[in-house]
Amino acid sequence: MSLAQRVLLTWVFTLVFLIMLVLKLDKKVEWNWFIIFLPVWVFDGILVLMLAVKMAGRCKPGYDPRNGSPDLRLRAWYLTAMLLKLGFCLTLCAKLEDLVDVKLTFVCIPLWTMLLGALVELGLNIFPERREA
């Protein structure tokens, strides 16, 4: 998938989600919160599928893992971040639909974990490890 297609796909799913969110918040529709977040989940599903296919490509015969280990670690982090985001969206929808009675603090734990991991990843990119000669 080219960069232009990925950008267009991102904007379309974001636009559909925001339109549905505004309709729900203005009480124009009485949809379930899980339906409102459906564009987010479809987009995340596409991203997870693309990421899994790229990671599975590393398992083919003749691949030298020494050349791509940092790349695989980064892709594993992306997959973990996507699953944490999915967990946050699911718990948020369950809280908004009153399916579970939990504090908002516990709903936000996957989001905070993802943001903390993103800060660590940012720090590792800003301050790369030094190699001694």
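Structure first, text after, so check above.
Conventions and cut-offs
Residues numbered from 1 in each chain as written. Predicted model: local features only at pLDDT ≥ 70, side-chain atom pairs only at ≥ 80, totals over all residues. Heavy atoms only, no water. Salt bridge = Lys/Arg side-chain N within 4 Å of Asp/Glu carboxyl O. Helix = DSSP H or I, 4+ residues; strand = E, 2+ residues; numbered from the N terminus. Buried < 20%, exposed > 50% of the residue type's maximum accessible area, 1.4 Å probe, protein only. Axes fitted to C-alpha atoms, helices over the stretch in contact; angles between N-to-C directions. Parallel < 35°, antiparallel > 145°, perpendicular 65-115°, else oblique. Contact = heavy atoms within 4.5 Å. Nonpolar A, V, L, I, M, F, W, Y, C, P; charged D, E, K, R; others polar. Phe/Tyr/Trp six-rings, centres within 6.5 Å; stacked < 30°, edge-to-face > 60°. Expected span 1.5 Å × (residues − 1).

A.B. asks: If you had to explain the pattern of salt bridges to someone new, which residues and values would you point to?
C.D. replies: Going through the model one piece at a time under the given rule, you end up with 1 salt bridge. Close ionic contact of lysine 85 with aspartate 44 constitutes a salt bridge, the shortest N to O distance being 2.9 Å. Here lysine 85 is found in helix α4 (residues 65-96), whereas its partner aspartate 44 is found in helix α3 (residues 38-56), with 41 residues between them in sequence. Using a relative accessible area of 26% as the deciding quantity, one classes lysine 85 as partly exposed.

A.B. asks: Mind laying out the packing of helix α1 (residues 3-25) against α3, listing which residues take part and the relevant values?
C.D. replies: For any two helices packed against each other, the geometry comes down to the angle between their axes and how far apart the axes lie. Between α1 and α3, the least distance of the axes is 8 Å, while the angle of their chain directions is 155°. With respect to α3, the axis of α1 lies roughly antiparallel. For the pair α1 and α3, contact is made by Arg6, Leu9, Thr10, Phe13, Val16, Phe17 and Met20 and by Pro39, Val40, Val42, Phe43, Ile46 and Met50, respectively. Taken together, the residues that form the contact of α1 with α3 break down as 11 nonpolar, 1 polar and 1 charged.

A.B. asks: Would you mind going over the environment of alanine 52 in detail, with residue names and values included?
C.D. replies: Checked against the element boundaries, alanine 52 lands in helix α3. It is 8.7 Å that separates the C-alpha atoms of alanine 52 and arginine 75, two residues lying 23 residues apart in sequence.

A.B. asks: Report on unusual backbone geometry, specifying residues and quantitative values.
C.D. replies: One non-glycine residue, lysine 27, lies in positive phi territory at about 60°. Position of lysine 27 relative to the elements: it lies in the loop between α1 and α2 (33-36). At aspartate 98, a position not held by glycine, the phi torsion is positive, near 60°. If you trace the backbone, aspartate 98 turns up in the loop between α4 and α5 (104-107).

A.B. asks: Lay out the packing of aromatic side chains with the relevant residues and their values.
C.D. replies: The tally for this structure, following the rule as stated, stands at 5 aromatic pairs. Seen in terms of ring centroids, tryptophan 33 and phenylalanine 37 are 6.5 Å apart; in terms of plane orientation they differ by 50°. Their pairing is tilted. When the ring of phenylalanine 34 is compared with that of tryptophan 41, the centres are 5.9 Å apart and the planes differ by 40°; the resulting orientation is tilted. A residue is classified by how much of its surface remains accessible, and phenylalanine 34, at 22% relative accessible area, is partly exposed. Ring-pair connections join several aromatic residues into one group, and the members of that group are Phe17, Trp33, Phe34, Phe37 and Trp41.

A.B. asks: Tell me what's going on with α1, and back it up with residues and numbers.
C.D. replies: When the terminal C-alpha atoms of α1 are compared, their 33 Å separation across 23 residues agrees well with the 33 Å that a helix rising 1.5 Å per residue should span. Buried residues of α1: Phe13, Phe17, Met20 and Lys24, and no others. Structurally, α1 contributes buried residues whose contacts are with α2 and α3. Note on α1: the residue one or two positions beyond its end, lysine 27, has a positive phi of about 60°.

Geometric values such as these leave the question of function open.
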